[in-house]
Amino acid sequence: MHILVTGGAGYIGSHTVLELLQAKHEVVVLDNLSNSSALSLERVEQITDRQALFLEGDIRDRALLDRIFSAHEIDAVVHFAGLKAVGESVQQPLMYYDNNVSGSITLCQAMAAAGVFRLVFSSSATVYGDPDTMPIAETCPTGQPTNPYGRSKLMIENILRDLAAADPRWSIALLRYFNPAGAHPSGLIGESPHGQPNNLIPYISQVAIGRLQQLSVYGDDYPTRDGTGVRDYIHVVDLAQGHLAALDAIVRVPGIHTWNLGTGTGYTVLEMIAAFEQASGRPVPYAIAPRRAGDIAECWSDPGKAHRELGWRAVLGLHDMMTDAWRWQSQNPQGYEDEPAN
Ligand code: NAD
Ligand code: UFG
């Protein structure tokens, strides 16, 4: 197939572009590089010996989208483009609603005008809010996300549901990611956050390499097995492969589908630190800090629906995530900033 990947230079996008190229799809990437580097795609080419066409631009630029759809026969869109920093979304809500919600609307308008109706959308477990019971299945009602970022994801899901209800030509996958982690085993592509990381694994990695002094563990008084927060960490390569399975499924079965992409297993923050220390052979100094506003105690998936309907399941475990995260970090201590872009 010919696939347009928005946000394809980013962390999950670049890993998915790699899998798409290896599966012999033709790929066009649209990314404004607001949170990424085009080097990721050069590295993908190095690994796959195949090239995605890279276009630098914004999903909110309708004229550009129209030009892309008229110049290329696109069969489906995999839509990663968006902003994702929870704290920043609280400070700058309009920027988040504009990029994420308005951007997705513009993209769907351009798709419909071009007669392209297959869409895979990056949603998030954040749409479940703070559910009472674990694991979280897709039948669990969506809750109240605690920040504008989370609300933007839920708004887009609702918009896409309305679209699919109004026009049967749409075939849409809402993929609710749990916590993406790790990197491609080559060590050539990975997560390269600008500035101080917000998420646990990039933070731990930068402490282990000596860029940051110590990790703050946000709360040790949650009702969990060691008091720290539990999450369902999923290897980014497994996650990327889930997108290919979802693409196959929406070609076969039109309509709108929701799939959790997780492993079904939760780990605490302290377990993550211990696993990283073991995989890297480096100590990760940490201190217990107050709870972070908006965090929930635990969150892990029931991944059964994706397995039944997509034939996909995560196969890589915690050790793979940590080994691969460390390989990426140790080979690229400053992420993509190590190498000047051409
Ligand atoms: P990322 O920031 O690495 O990738 C997003 C990409 O989109 C970046 O390359 C950025 O430059 C690009 N982009 C942003 N706004 C754009 C715009 N208006 N036009 C064109 N390009 C734009 O983030 P990621 O971790 O790869 O996340 C990809 C998607 O998955 C996002 O939609 C994110 O919200 C979602 N998601 C991520 C996580 C996570 O923990 N990483 C969890 C759940 C959902
Ligand atoms: N944590 C720390 N110290 C840190 C960073 C995180 O103790 O420096 C803890 C958090 O309190 C939490 C766990 O590590 O218990 C994971 O935190 P992350 O920030 O890595 O991830 P979140 O679960 O908070 O959120 C992530 C993404 C969201 C997404 C959500 C569900 O950031 O965008 O997963 O997919 F919505």
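As shown above, the structure is provided for reference.
Residues numbered from 1 in each chain as written. Chains lettered and ligands numbered in written order. Predicted model: local features only at pLDDT ≥ 70, side-chain atom pairs only at ≥ 80, totals over all residues. Heavy atoms only, no water.

**Remarks on the pairing of strand β2 (residues 26–31)**
- Most of β2 is tucked away, with five of its six residues classed as buried.
- Where strand β1 (residues 2–6) and β2 come together, five bridges link them in parallel fashion. Bridged to L4 within β2 is V28.
- The parallel pair β1 and β2, bridged by helix α1 (residues 11–22), forms a crossover whose chirality is right-handed.
- Crossover connection from β2 via helix α2 (residues 39–48) to parallel strand β3 (residues 53–56): handedness right-handed. (Buried < 20%, exposed > 50% of the residue type's maximum accessible area, 1.4 Å probe, protein only. Helix = DSSP H or I, 4+ residues; strand = E, 2+ residues; numbered from the N terminus. Pairing = 2+ DSSP bridges. Right-handed = clockwise from strand over helix to strand, strands pointing away.)

**A short note on the site of ligand 1**
- Taken together, the neighbourhood of ligand 1 is formed by 27 residues, with D31, N35, S36, N99 and Y149 sitting nearest.
- Between ligand 1 and the protein, one listed contact pairs an oxygen atom with a side-chain N or O atom of S36 at 2.7 Å.
- Coverage of ligand 1 by the protein chains reaches 95% of its 820 Å² of free accessible surface.
- Contributing elements (two or more residues each) for the shell around ligand 1: α1, β5 (118–124) and α6 (148–166).
- A per-element tally of the shell around ligand 1 places β5 first, with three residues. (Near = heavy atom within 4 Å. Polar contact = N/O pair within 3.5 Å; in protein donor to acceptor, adjacent residues only side chain to side chain. Areas by Shrake-Rupley, 256 points an atom, 1.4 Å probe, with all protein chains shown as cover.)

**What to know about the site of ligand 2**
- Taken together, 20 residues are adjacent to ligand 2, and S124, N199, S216, R231 and D295 come closest.
- One nitrogen or oxygen atom from the side chain of N199 is found 2.8 Å from an oxygen atom belonging to ligand 2.
- For ligand 2, an oxygen atom lies 2.6 Å from a polar atom in the side chain of D295.
- Its residues assigned to classes, the shell around ligand 2 comprises 10 nonpolar, seven polar and three charged. (Nonpolar A, V, L, I, M, F, W, Y, C, P; charged D, E, K, R; others polar.)

**Some details on the pattern of salt bridges**
- Tallying each qualifying case throughout the model produces 13 salt bridges.
- A salt bridge links E157 to R176, with the nearest nitrogen and oxygen atoms 2.7 Å apart. In this pair, E157 sits in helix α6 while R176 sits in strand β6 (residues 171–177), placing the two residues 19 residues apart along the sequence. With respect to class, E157 is no different from R176; both count as buried.
- The salt bridge partner of D221 is R291, with a shortest N-O separation of 3.0 Å. Here R291 lies in the loop between β13 (286–289) and β14 (298–299) and D221 lies in the loop between β8 (215–218) and β9 (230–231), a separation of 70 residues in the sequence.
- Here the salt bridges do not stand alone but share partners, grouping D58, R60 and D98 into one network. (Salt bridge = Lys/Arg side-chain N within 4 Å of Asp/Glu carboxyl O.)

**Considering the side chain of T258**
- Within the fold, T258 resides in strand β11 (residues 255–261).
- Within the local environment of T258, its side chain forms a polar contact with the side chain of R161, the two groups lying 3.3 Å apart.
- If we skip the residues at most four places from it in the chain, T258 touches E138, R161, L174, R176 and K305. (Contact = heavy atoms within 4.5 Å.)

**Some words on the packing of helix α3 (residues 62–71) against helix α5 (residues 93–114)**
- Running from amino to carboxyl end, α3 crosses α5 at an angle of 35 degrees, the nearest separation of the two axes being 9 Å. Judged by the twist between their axes, the crossing of α3 over α5 is right-handed. Contacts between α3 and α5 involve R62, L65, D66 and F69 from the first element and T106, L107, Q109, A110, M111, A113 and A114 from the second.
- Of the residues assigned to the contact of α3 with α5, the class counts are seven nonpolar, two polar and two charged. (Axes fitted to C-alpha atoms, helices over the stretch in contact; angles between N-to-C directions. Left-handed = near helix turned anticlockwise from the far one by under 90°.)

Without other data, these values stay purely geometric and don't point to any function.
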